[in-house]
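Descriptive structure summary
Chain by chain, the residues run as shown.
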Amino acid sequence: MPTGLIIKRQINWNFWALPILFLLILIIEKQAFGTFYSSWLYGLLLIFFGIIYSARYKLYQPALIGCLSGLTLWHYILAAHFDTCLTMLQLIGFDMLINPANNPFSMGIWMINLVVLLIVIPIFGGIVSKSFRLEQSAKRIFNTAAQTVISTGNGFTSRPYVAGNAQYSKEQITGFTQYLAGQMIIHPSYTESAVFLTFSMGRSPLAMRETNEISYVSFDNGGNITVHITKKDYKRFRKQLTFNRLCESLGDLFKRFLNYYANNQEARIMTELKSF
C-alpha cells in the first residue's frame, strides 16, 4: 500500500518563508552594501509567481495581484532610492545618462500606486486564496484516495466512472455538500438531477465552465455515485496507478465522508485528509 505523498511536486509560493527571507536579506544587503538588488529580485518573484498561478488556475486574478505587487515594490525603490538604483545599474554595466536629481518616480505617484494595490487585494485576493485552498484540498483528496491503490497501469479514460451507489436523503446530501464547501474541500456545482463535488490540482473549480473540465464525484437523485478524473490530475501522480481502481477508491472515499457526516462525525473528514 502506498504511504506518504505520491503526488508530483510543483512550484509553489510559500506565504511566510519567502517574505521573511526577503526582509532578512534586504536588511543585511542594505547595511553591508547600501544596495537594493534583493528588492528587484523579490519584485520579479512576485510577478513570476502571479503569472504561474494564473496559468495553473486559469484565472487572471493571481497575475493581476502578483504583477501589481511587484511593480509597486519596484516603484517604491525607484521613488525612495533613485540615485542608489542608478549606481546599482552602473555597477552591473549599465551606464545611464540620467541626472539623479531628476527623479521621475515621485513618492506621490507611488502612494497612488499603493492605494490601487490596497484596493485590488481585498477585491480579488479572496478568489486567489480560495483557489489556493481548494488546490491544497484536492491534493489531500487524491493522495488519500491513492493510498489504497496498489496496482499500476494506465488505462485512463475521460468517461465518468460509475462508483456504485449510496443511500441518502436530499437534505443529507445538501448538508454534506455545504459542509465540504464551507471547509473549502470541494467546490459544488448543482444540476436538477445531481450535485457535483468538484476539485482539481490544476485548473481552479472557480474557473470551471463545464463540469467535465474538472475532476469530480457526483451524487445523483437516484443514489448513484459517479467519478470523473481529468487527464491533467491523473498525470500528477508519480506512478500511473490503475485508473479504475483510483476512481473506485475516490468514490469509496466520498461515501465514507458522507457516512461520517450522516453520523455527526464531520471532524473525521479533515482528520483523514490530513493523515497522509
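In what follows, the accompanying structure is described. (Residues numbered from 1 in each chain as written. Predicted model: local features only at pLDDT ≥ 70, side-chain atom pairs only at ≥ 80, totals over all residues. Heavy atoms only, no water.)

Here we take up the pattern of salt bridges. Tallied over the full model, the rule gives seven salt bridges. Here arginine 256 and glutamate 272 are joined by a salt bridge, their closest N and O atoms 2.5 Å apart. Note that arginine 256 is positioned in helix α8 (residues 243-262) and glutamate 272 in helix α9 (residues 267-273), a separation of 16 residues in sequence. Classification of glutamate 272 as buried rests on a relative accessible area of 14%. One network of salt bridges, in which partners are shared, links Arg56, Glu135 and Lys139. (Salt bridge = Lys/Arg side-chain N within 4 Å of Asp/Glu carboxyl O. Helix = DSSP H or I, 4+ residues; strand = E, 2+ residues; numbered from the N terminus. Buried < 20%, exposed > 50% of the residue type's maximum accessible area, 1.4 Å probe, protein only.)

With that settled, the discussion passes to the nonpolar core. The biggest cluster of nonpolar side chains holds 41 residues, and the ones touching the most others in it are Phe176, Phe219, Leu250 and Phe254. Secondary structure elements with two or more residues in this core: α5 (107-146), α6 (170-182), β3 (194-199), β4 (215-220), β5 (224-228), α8 and α9. Excluding residues within four positions of it along the chain, phenylalanine 176 makes contact with Leu197, Phe219, Phe254, Phe257, Leu258, Tyr261 and Ile269. (Core = buried A, V, L, I, M, F, W, Y, C linked by side-chain atoms within 4.5 Å. Contact = heavy atoms within 4.5 Å.)

Here the focus is the side chain of serine 38. In this structure, serine 38 sits in helix α2 (residues 37-57). Residue classification places serine 38 among the buried residues on the basis of a relative accessible area of 10%. Apart from residues lying up to four places away in sequence, serine 38 is in contact with Phe22, Ile25, Leu26 and Glu29.

Looking at the element boundaries, phenylalanine 196 is found in strand β3. Exposure remark for phenylalanine 196: the relative accessible area of 13% places this residue in the buried category. As a C-alpha pair, phenylalanine 196 and glutamine 136 span 60 residues in sequence and 19 Å in three-dimensional space. With residues up to four places along the chain from it excluded, the contact list for phenylalanine 196 reads His187, Pro188, Ser189, Thr191, Thr211, Tyr216, Val217 and Ser218.

Of all six residues that make up β4, five are buried, and the element is covered over most of its length. When β3 meets β4, the two strands line up antiparallel, connected through six bridges. Residue pairing in the sheet places alanine 194 in a bridge with aspartate 220 of β4. In this structure, β4 lies alongside β5, joined through four bridges in antiparallel fashion. Paired with serine 218 across the two strands is threonine 226, which belongs to β5. Linking two consecutive strands that pair antiparallel, namely β4 and β5, is a turn of three residues; a positive phi of about 90° is found at glycine 223 within it. (Pairing = 2+ DSSP bridges.)

Let us look at a nonpolar patch on the surface. On the surface, Phe15, Trp16, Ile20 and Leu24 cluster together into a nonpolar patch covering about 500 Å² of accessible area. Relative to the helices and strands, tryptophan 16 resides in the segment before α1 (17-33). Of the residues examined, tryptophan 16 reaches a relative accessible area of 67% and is grouped as exposed. (Patch = residues over 30% accessible without salt bridge, like charges linked within 9 Å, V, L, I, M, F, W, Y side chains within 5 Å. Areas by Shrake-Rupley, 256 points an atom, 1.4 Å probe, with all protein chains shown as cover.)

Attention now moves to unusual backbone geometry. At methionine 184, a residue that is not glycine, the phi angle is positive and equals roughly 55°. Located in the positive-phi region is asparagine 264, a residue other than glycine, with phi close to 60°. Among the structural elements, asparagine 264 can be located in the loop between α8 and α9. Among the residues examined, asparagine 264 registers a relative accessible area of 65% and is labelled exposed.

Across all of its chains, the model carries 21 aromatic pairs by this definition. When the centroid spacing of 4.2 Å and the interplanar angle of 10° are considered together, the rings of phenylalanine 22 and tyrosine 42 count as stacked. Here phenylalanine 22, found in helix α1, pairs with tyrosine 42, found in helix α2; they are 20 residues apart in sequence, far enough to count as distant. Using a relative accessible area of 13% as the deciding quantity, one classes tyrosine 42 as buried. Measuring from ring centre to ring centre gives 6.2 Å for phenylalanine 82 and phenylalanine 105, while their planes differ by 45°; the resulting arrangement is tilted. Of this pair, phenylalanine 82 sits in helix α4 (residues 82-91) while phenylalanine 105 sits in the loop between α4 and α5, and the two are 23 residues apart along the sequence. Ring pairs connect the aromatic residues Phe142, Phe199, Phe237, Phe254, Phe257 and Tyr260, which therefore count as one cluster. (Phe/Tyr/Trp six-rings, centres within 6.5 Å; stacked < 30°, edge-to-face > 60°.)

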